[in-house]
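# Results of the structural survey
Next come the chains, spelled out residue by residue.
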Amino acid sequence: MCGLTDAGGVECWGAVPTPARTSPVPVPIPLPAGARAVALDGTCALTDAGEVHCWGSWVVPMFGDSARNAPAPRRVASPVAFRQLSAGTAHLCGVTAAD
């Protein structure tokens, strides 16, 4: 799992980064401006512009192609903007900006 610090950095714990950690450790990931993070097996960030960027490993492809892994944030192909994300064990849901 990963989360954002107040300073805009990323800290992760659990199985990623390897080895497994019980306490958050800083991870050098270049996030898009205005990102707010949501985490599960992989991690996603929602930008102020409504874009979703994800990294890590996923059970299913997340990017509009066959890719299931991204070592750094990668934009998820979506024709709509989002204003909120929620994550579960094997899914990511979003509230669109139009809702």
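Residues numbered from 1 in each chain as written. Predicted model: local features only at pLDDT ≥ 70, side-chain atom pairs only at ≥ 80, totals over all residues. Heavy atoms only, no water.

### Quick notes on the pattern of salt bridges
- Tallying each qualifying case throughout the model produces one salt bridge.
- Among the salt bridges present, the one from Arg-75 reaches Glu-51, with a minimum N-O distance of 3.2 Å. Taken together, the positions of Arg-75 in strand β7 (residues 69–75) and Glu-51 in the loop between β5 (43–46) and β6 (52–57) put the pair 24 residues apart, joining distant regions of the chain. (Salt bridge = Lys/Arg side-chain N within 4 Å of Asp/Glu carboxyl O. Helix = DSSP H or I, 4+ residues; strand = E, 2+ residues; numbered from the N terminus.)

### Some words on the state of the cysteines
- Evaluation of the coordinates by the stated rule reveals one disulfide.
- Two residues share a disulfide in this structure: Cys-44 and Cys-54, whose sulfurs sit 2.0 Å from each other. Its torsion about the S-S bond being 100°, the disulfide of Cys-44 and Cys-54 is classed as right-handed. With a gap of ten residues between them, Cys-44 in strand β5 and Cys-54 in strand β6 connect regions that are remote in the sequence. Both residues of the pair, Cys-44 and Cys-54, belong to the buried class. (Disulfide = S-S within 2.5 Å. Buried < 20%, exposed > 50% of the residue type's maximum accessible area, 1.4 Å probe, protein only.)

### Observations concerning the confidence of the model for the chain
- Chain-level statistics for the chain give a pLDDT mean of 78 and a share of 87% at 70 or above.
- Averaged pLDDT values over the elements of the chain bottom out at 71 in strand β4 (residues 36–39) and peak at 88 in strand β9 (residues 92–96). (pLDDT = per-residue confidence, 0-100.)

### Considerations on the nonpolar core
- Listed in full, the twelve residues of the largest apolar core are Val-38, Cys-44, Leu-46, Val-52, Cys-54, Trp-58, Phe-63, Ala-67, Ala-70, Val-76, Phe-82 and Leu-85.
- Core analysis: the next-biggest nonpolar cluster, separate from the first, contains eight residues, Cys-2, Ile-29, Ala-35 and Trp-55 among them. (Core = buried A, V, L, I, M, F, W, Y, C linked by side-chain atoms within 4.5 Å.)

### A few points about the side chain of Thr-96
- One can find Thr-96 in strand β9.
- Ignoring sequence-local partners within four residues, the contact set of Thr-96 consists of Val-80, Ala-81, Phe-82 and Arg-83. (Contact = heavy atoms within 4.5 Å.)

### Things to note about the environment of Gly-88
- Of note, Gly-88 is situated in the loop between β8 (82–87) and β9.
- Owing to a relative accessible area of 16%, Gly-88 belongs among the buried residues under this scheme.
- Residues Gly-88 and Val-38, 50 residues apart in the sequence, show an inter-C-alpha distance of 9.7 Å.

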